[in-house]
2 protein chains.
Amino acid sequence: MKFRAKVEVTLKEGVLDSQGRTILGGLRSLGYGDVEEVRTGKLLQLSLTAEDQAQAASQLEEMARRLLANPVLEKFTFVLEQA
Amino acid sequence: MKFRAKVEVTLKEGVLDSQGRTILGGLRSLGYGDVEEVRTGKLLQLSLTAEDQAQAASQLEEMARRLLANPVLEKFTFVLEQA
């Protein structure tokens, strides 16, 4: 079975998001003073084949831990759907 | 009113995603041969104040076009909820 997955990798709470700060500064200098915070993250869209959804989920979990996210600084969530 | 927005910025179809290719190569070399494609994108989580949801959405649309996404190479979608 083919699956499509969307993985969101974001910085853990408390980790300084310097890219987010830079974007916030940029928005403010463009006049968007109503923005209070910007946090950035990575989005990964994967196509994969697995026997069933449970196997796809366990593979994704493992891939995210091993390669897609840095477990020291980042956390991840994913949604998985049949393609 | 306070809002939280999640903006997803992804490369347009047909734009070469070299970061995605690199991640795909990494996954395969770790033994995940069942992954067929990886596309990468940016995730931006914003906190902002606006008079109502329509105003927040129109501000977001404008910010995404002007700063958050590169309209030549990227497209964006967002979801907006009251904080």
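Note: the structure precedes this text.
So, how was this worked out
- Residues numbered from 1 in each chain as written.
- Chains lettered and ligands numbered in written order.
- Predicted model: local features only at pLDDT ≥ 70, side-chain atom pairs only at ≥ 80, totals over all residues.
- Heavy atoms only, no water.
- Least-squares fit on C-alpha atoms with pLDDT ≥ 70 in both.
- Contact = heavy atoms within 4.5 Å.
- Axes fitted to C-alpha atoms, helices over the stretch in contact; angles between N-to-C directions.
- Helix = DSSP H or I, 4+ residues; strand = E, 2+ residues; numbered from the N terminus.
- Parallel < 35°, antiparallel > 145°, perpendicular 65-115°, else oblique.
- Left-handed = near helix turned anticlockwise from the far one by under 90°.
- Nonpolar A, V, L, I, M, F, W, Y, C, P; charged D, E, K, R; others polar.

A. Seen up close, the relation of the copies chain A and chain B. Under the fitted operation, chain A is carried onto chain B by 0.0 Å of movement along the axis and a turn of 180°, and the coordinates agree to an RMSD of 0.0 Å. The superposition operator between the copies reduces to a two-fold rotation axis. Minimal C-alpha separation from the rotation axis in chain A is found for K42 of chain A, amounting to 2.4 Å. Interface overlap between copies is the fraction of interface residues in one copy that are interface residues in the other; for chain A against chain B it reaches 100%, indicating a shared surface.

B. The arrangement of the packing of helix α1 (residues 18–29) of chain A against helix α2 (residues 53–68) of chain B in detail. Running from N to C, α1 of chain A and α2 of chain B point in directions that differ by 110°, and their axes come no closer than 11 Å. Taken together, the axes of α1 of chain A and α2 of chain B lie roughly perpendicular to each other. The way α1 of chain A lies across α2 of chain B gives a crossing that is right-handed. Residues I23, G26 and L27 of chain A of α1 of chain A form the contact with α2 of chain B, whose own contacting residues are M63, L67 and L68 of chain B. Classifying every residue of the contact of α1 of chain A with α2 of chain B gives five nonpolar, one polar and no charged.

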